[in-house]
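Residue-level structure breakdown
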Amino acid sequence: MAGPVATSRPGRLRPPRPVDDSAADCPTSGFTPSSPVSPTKTSTLRHIEHCSDSTDAGPAAAPSAEPTRARKPAWNASPALQAKLYRQGTKTVTANARPTSTPAAGGPTVKLPSGRTPIRGNTATSPTTAAAGHDHVTQRYETLLARRNASDSELRETLRTLRRTILQDGLPDPPDATTNLPGRASCTLRGRVWKVLLGIYRVSAGEYLGLVERGPSAVYDKIKNDTFRTLATDRKFLARVDEGMLSRLLNGFVWKMEDAPPSRLLNLTYSYVQGMNVLAAPFLYVMPELDAFYTFTAFVQHACPLYVQPALEGVHCGLKLLDRCLRVCDPVLFRHLKAKGLTAQVYAFPSVMTFSACTPPLDALLRLWDFLLSYGLHLNILCIIAQLLLIRTDLLKSPSPMKLLRTFPELRPRQVIQQTLALVPRLPEDLYDMLVRHPFDAGVYDVVMGDDAEDGL
């Protein structure tokens, strides 16, 4: 993407993403690419950059009352909904916007800073100092998002700066929980950043309303069987996202994929599969329904297409790669778990399938996803290993480690990210290359599953 690196280790970016011109009614960001940018076919995947301290802000207070999930129909093309969606589309127009439907970068797999320099947490500060720091960090993001890029090189440098800022400072949480209530018409800062990272610059309220008005799809019953229990114990999520929003988004996704022309190069099938409800939930939590629909669609199609195929090829490949990476990073722990009959298929399936979205708390998950969307979803495999290493002593001492792994401990994003950065340089180049490509390259699935059969994993 940008700049010289201290250590050159060749790898691959995924191929350019197809441009969808059907969703081009409303520009949604002031982050302005000067022209369509095509990713290079090779780049350095291990980029040693010495990073400064990382902030891990605590979660905001949860509502005191126990909210209940409204059981609304998934489709609702009432005038109120139409006005709401069009308002969401137009509220995000900025004076500097020069929109394009082409992503600004070649996907989320980019140069990764090394973990050789520890990321230490900031010391305690007074509320006044913390508020001033929050405002300063927020202003840095606003400046980056509003920047006009006169050339492709400036655009790449801006994206590189954005990713490094996320890694070093984190994304500040909204100071007031009411900024994310249902019916809001504007994105949170985190939502706007996620849209930039996934290349969402235009949305179409008209297209989405058309999908909603088509009513239930063939898999709507399957969707409804999952949506009502999505993050059902998280009161903050239930207060911001109702079941109707989640059902409409997923049902609309199914209709949109049915309308999409078949690819001549890739044999991919998109519909609703297990776990999609959990993947969509964070997007609805941080941005309006219209923005969430297009951002989730790009996330599924371009960042992890093999994870949402009917046979979940990407998920099963990720589980096998998790075993391989754990065997390299901690042979003792790997042998201990294997002796108990515990492979990743047994204890890590939900965490791999949902990119750790099944592990609470939600505020911590959002900070982990900031990192994954910046540097690549493949790193979720190493994040799961990092969670294992944080409870390594207990796992080795326990005669029945599955009791500890049945429910992963609450996410500690700062420690998990720090540990993940430290694991990256320890992996052999060929293993890391397969890890990078497994969410979107079907060839990796064939190699990994065949090799593991020979290795007896």
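Structure shown above.
The following refers to the structure shown. (Residues numbered from 1 in each chain as written. Predicted model: local features only at pLDDT ≥ 70, side-chain atom pairs only at ≥ 80, totals over all residues. Heavy atoms only, no water.)

Attention now goes to the packing of helix 6 (residues 220-227) against helix 8 (residues 243-259). In the contact formed by helix 6 and helix 8, the axes pass within 10 Å of each other and the chain directions differ by 145°. The chirality of how helix 6 crosses helix 8 is right-handed. Contacts from Tyr220, Ile223, Lys224 and Thr227 in helix 6 reach Glu243, Leu246, Ser247, Leu250, Asn251 and Val254 in helix 8. (Axes fitted to C-alpha atoms, helices over the stretch in contact; angles between N-to-C directions. Helix = DSSP H or I, 4+ residues; strand = E, 2+ residues; numbered from the N terminus. Left-handed = near helix turned anticlockwise from the far one by under 90°. Contact = heavy atoms within 4.5 Å.)

Glancing now at the pattern of salt bridges. Tallying each qualifying case throughout the model produces 16 salt bridges. Between Asp291 and Lys195 there is a salt bridge, and its shortest N-O distance comes to 2.5 Å. Taken together, the residues span a long stretch of sequence, with Asp291 in helix 10 (residues 289-303) and Lys195 in helix 4 (residues 189-197) at a distance of 96 residues. Pair check on accessibility: Asp291 and Lys195 agree, each one buried. One salt bridge connects Arg437 with Asp441, and the closest N-O pair in it is separated by 2.5 Å. Using a relative accessible area of 13% as the deciding quantity, one classes Arg437 as buried. One network of salt bridges, with partners in common, ties together Asp173, Arg190, Arg367 and Asp370. (Salt bridge = Lys/Arg side-chain N within 4 Å of Asp/Glu carboxyl O. Buried < 20%, exposed > 50% of the residue type's maximum accessible area, 1.4 Å probe, protein only.)

Counting 124 residues, the largest nonpolar core has Phe296, Phe299, Tyr347, Trp369 and Leu405 as the members making the most contacts within it. In terms of residue count, the dominant contributor to this core is helix 15 (residues 362-375) (10 residues). With sequence-adjacent residues up to four places away left out, Leu405 is seen in contact with Leu337, Leu342, Tyr347, Leu388, Ile391 and Leu395. (Core = buried A, V, L, I, M, F, W, Y, C linked by side-chain atoms within 4.5 Å.)

This next bit is on the environment of His336. The topology assignment puts His336 in helix 12 (residues 331-339). With near-sequence residues (within four places) excluded, His336 lies in contact with Leu395, Leu396, Ser398 and Pro401.

What follows deals with unusual backbone geometry. Backbone torsion omega between Pro360 and Pro361 reads 0°, so that peptide bond is classified as cis. Within the secondary structure layout, Pro361 lies in the loop between helix 14 (349-353) and helix 15. At Phe355, a position not held by glycine, the phi torsion is positive, near 55°. Within the secondary structure, Phe355 is located in the loop between helix 14 and helix 15. When its relative accessible area of 0% is taken as the criterion, Phe355 is described as buried. Residue Ser356 is not a glycine yet carries a positive backbone phi of 70°.

Just geometry here; none of it tells us what the structure is for.
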